[in-house]
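Spelled out, the chains give:
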Amino acid sequence: DVKVTQSSRYLVKRTGEKVFLECVQDMDHENMFWYRQDPGLGLRLIYFSYDVKMKEKGDIPEGYSVSREKKERFSLILESASTNQTSMYLCASSPPWGGTGFSPLHFGNGTRLTVT
Amino acid sequence: TQLLEQSPQFLSIQEGENLTVYCNSSSVFSSLQWYRQEPGEGPVLLVTVVTGGEVKKLKRLTFQFGDARKDSSLHITAAQPGDTGLYLCAGEDSSYKLIFGSGTRLLVRP
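All values derive from a computational prediction rather than experimental measurement.

1. Notes on the packing of aromatic side chains
Residues and elements named next belong to chain A.
In step 1: Within the structure shown, the criterion is met by 9 aromatic pairs over all chains.
In step 2: When the ring of Phe33 is compared with that of Phe48, the centres are 6.1 Å apart and the planes differ by 25°; the resulting orientation is stacked. Linking Phe33 in strand β4 (residues 31-38) with Phe48 in strand β5 (residues 42-49), this pair joins segments that are 15 residues apart in sequence.
In step 3: On the basis of relative accessible area, Phe48 is assigned to the buried category, the value being 8%.

Dropping the structure here:
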């Protein structure tokens, strides 16, 4: 079974702090993703990466950056946390695209971040 | 921007009842995935439908992809408390990205 591990289940940070959310997957997947989940809004894509050191902006990248130095690890960085970044953050990984035409996502259990 | 509308947003039913969740869009998707998310966990893939008109069954769950590949439905027969959770549909666009619906929160009361 694919395992996607997020380093923290709960985080409480203050406004202006730099926040690191870490994610590790053990299935040698090329693709990794960061989503945020808010009630009534579903999952919104922040950033994704299809290879080491590669990154692409998703739908809501403002206020975030990412780092992928190793294939198994994808980090989300909040440069200066703000209260509107209070949310559930979900990391996911998937096999490479193409071929079969679909790539199911394997999710971690999420990090609930509160910014006060 | 492609959108996926899910309905209903909330559903509270008695054990043993049947229900249907809908996922609609004006856009065509190359495939559509259904996930279930339980409290404190990440979403878990239930099924992927790829062909227009395709029907897939997973025990008491029946998934259908619309003929035009713009909509999908999930039907649960004789719901059980273990079916409680957040159901998410996600359409794959032409660049292989997933567009998620806002979810249907299901509560099955014993």
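2. A look at the pattern of salt bridges
Residues and elements named next belong to chain B.
In step 1: Under the counting rule described, the total for this entry stands at 9 salt bridges over all chains.
In step 2: Among the ionic pairs, Asp83 bridges to Arg60, the shortest N-O distance being 2.8 Å. Residue Asp83 is found in the loop between β8 (71-76) and β9 (85-92), and its partner Arg60 is found in the loop between β6 (55-58) and β7 (61-65); the two are separated by 23 residues along the sequence.

3. Considerations on the sheet that holds β6(B)
Residues and elements named next belong to chain B.
In step 1: Taking strand neighbours across the sheet as the criterion, the 5 strands line up as β1-β3-β8-β7-β6 in an open arrangement whose pairing is antiparallel. Each edge of the open sheet carries a strand with a single partner, namely β1 (5-7) and β6. Taking each pair of neighbouring strands and ignoring which way they run, the sheet shows an average axis angle of 15°.
In step 2: In this sheet, strand β3 (residues 19-24) lies alongside β1 in antiparallel orientation, the contact comprising 3 bridges.

Calculation rules
Residues numbered from 1 in each chain as written. Chains lettered and ligands numbered in written order. Predicted model: local features only at pLDDT ≥ 70, side-chain atom pairs only at ≥ 80, totals over all residues. Heavy atoms only, no water. Phe/Tyr/Trp six-rings, centres within 6.5 Å; stacked < 30°, edge-to-face > 60°. Helix = DSSP H or I, 4+ residues; strand = E, 2+ residues; numbered from the N terminus. Buried < 20%, exposed > 50% of the residue type's maximum accessible area, 1.4 Å probe, protein only. Salt bridge = Lys/Arg side-chain N within 4 Å of Asp/Glu carboxyl O. Pairing = 2+ DSSP bridges. Axes fitted to C-alpha atoms, helices over the stretch in contact; angles between N-to-C directions.

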